[in-house]
Structures are given as structure tokens and as C-alpha cells.
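Coordinate analysis (summary)
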Amino acid sequence: MIQRIQSVYLSGVAVIGVVLFLVPFGTIEGFTLTATELSNSKEVLKQTYPLAVVIGFGLLVALASIFTFKNRKLQIKLCTLSMINQAAILALAMFLYLDGTAAELGDEKPTYALGIYMPVIGMVLSFLASKAIKKDEDLVKSVDRLR
């Protein structure tokens with residue numbers, strides 16, 4: 001059912017997906033990493049379209065998971081896929097773009113912004129949604145045994 005707590009958790013994951021397109025992930029030597037580019041006010045250092053694609057995929061998975069409430073096993077699998085996707089977003093942003101660029105530009109450490117913490121919150125919300133769906137599935141199985 002759409003009004004269950006897991007729908008709230010999955011909606012939170014979808015909102016995080018939208019927010020990730022809007023907020024920066026971090027800065028390094030004046031360059032700011034967003035979902036589509038690593039740039040400062042004058043030039044674009046790198047295009048980060050793979051990061052945008054992974055964020056968009058995660059958003060679609062979260063939305064699909066909300067509306068597959070009739071198939072709880074598929075919904076659990078989609079939650080697991082969402083957790084993996086959030087980890088991929090974090091790895092791409094943190095290690096490939098920010099730390100990789102830090103190694104290219106010099107010894108300065110990157111400064112992490114709000115966007116780098118959002119995938120962690122998304123993983124927690126996906127995990128909580130998965131647990132709630134599993135609880136519903138167990139409840140349905142126990143009622144079926146009584147019939």
C-alpha cells in the first residue's frame with residue numbers, strides 16, 4: 001500500500017535524488033563538484049555525466065520501488081539496488097572525482113559539502129524501507145498460514 005511507512009522512506013530516497021542534482025558535492029582548490037561538472041566560475045575542469053546518470057538511475061529505482069507495492073519481493077530487490085546505487089554515487093563523487101582531482105591538482109584536500117552526505121542518508125532510508133517491507137511480507141505469510 002502506498003500509505004505505508006516504507007513509502008515515506010522511499011519518497012525520502014527520491015527527494016534525495018532530486019536534491020543531489022541541485023547541491024554541490026564538495027570543492028577542491030576553488031573548483032566545485034556538482035552532478036554534471038567540476039568547475040569554478042571561469043572554467044570547466046571535468047564533465048561528470050556518469051555521476052548524473054547514476055543519480056538519475058537511483059531516482060528512477062526509488063520511484064519504481066514506491067509503485068511496486070503489490071509485489072513485495074520485487075520491492076525488496078529494488079531497495080537493495082537503491083542501496084547499491086547510493087553507494088556507487090558516494091564512491092563516484094568521493095573517490096573518482098574529488099580525490100582523483102585532488103591528486104591531479106596537488107596536495108590540497110577536498111572540502112566535502114552537503115551532497116556527499118546525502119547518499120549515506122539515502123542508504124539508511126533504503127535499508128529502513130527494506131526492513132519495513134520485509135516485516136509486511138512476514139505478516140502476510142503468517143496470516144496465510146492461519147487460513
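See the structure shown above.
Below: a short report on this structure. (Residues numbered from 1 in each chain as written. Predicted model: local features only at pLDDT ≥ 70, side-chain atom pairs only at ≥ 80, totals over all residues. Heavy atoms only, no water.)

**A closer look at a positive patch on the surface**
Residues Lys-73, Lys-77, Lys-141 and Arg-145 make up a contiguous surface patch of positive charge. Those elements giving two or more residues to the positive patch turn out to be helix H3 (72–105) and helix H4 (114–146). When you line up the elements, Arg-145 lands in helix H4. Judged by relative accessible area, Arg-145 falls into the exposed class, the value being 66%. (Patch = residues over 30% accessible without salt bridge, like charges linked within 9 Å, V, L, I, M, F, W, Y side chains within 5 Å. Areas by Shrake-Rupley, 256 points an atom, 1.4 Å probe, with all protein chains shown as cover. Salt bridge = Lys/Arg side-chain N within 4 Å of Asp/Glu carboxyl O. Lys, Arg positive; Asp, Glu negative; His and termini not counted. Charge placed at Lys NZ, Arg CZ, Asp CG, Glu CD. Helix = DSSP H or I, 4+ residues; strand = E, 2+ residues; numbered from the N terminus. Buried < 20%, exposed > 50% of the residue type's maximum accessible area, 1.4 Å probe, protein only.)

**Some points on the sheet that holds strand E1 (residues 26–28)**
Backbone hydrogen bonds are what pair the strands of a sheet, in a parallel or an antiparallel way. With antiparallel pairing, five strands are arranged side by side in an open sheet as E4-E3-E2-E1-E5. What marks the edges here is a single partner per strand, and that holds for strand E4 (44–47) and strand E5 (111–112). Alignment of E1 against E5, held across two bridges, turns out to be antiparallel. Counted as the bridge partner of Gly-26 is Tyr-112 from E5. Of the strands in this sheet, E1, strand E2 (31–33), strand E3 (37–39), E4 and E5 touch H3, which is tilted by about 145° from E4. (Pairing = 2+ DSSP bridges. Contact = heavy atoms within 4.5 Å. Axes fitted to C-alpha atoms, helices over the stretch in contact; angles between N-to-C directions.)

**A few points about the pairing of E4**
Looking at chain direction, E3 and E4 are connected through three bridges and run antiparallel. Residue pairing in the sheet places Ser-39 in a bridge with Val-44 of E4. Hairpin geometry of E3 and E4 is characterised by an intervening segment of four residues between the two adjacent antiparallel strands.

**Description of H3**
The end-to-end C-alpha distance of H3 is 47 Å, a good match for the 50 Å that 34 residues give at a rise of 1.5 Å each. At Leu-92, H3 shows its largest bend, some 25°. Of the residues flanking the end of H3, it is Gly-106, one or two places downstream, whose phi is positive at about 150°. (Expected span 1.5 Å × (residues − 1). Bend = angle between axes of the 7 residues up to and from the residue.)

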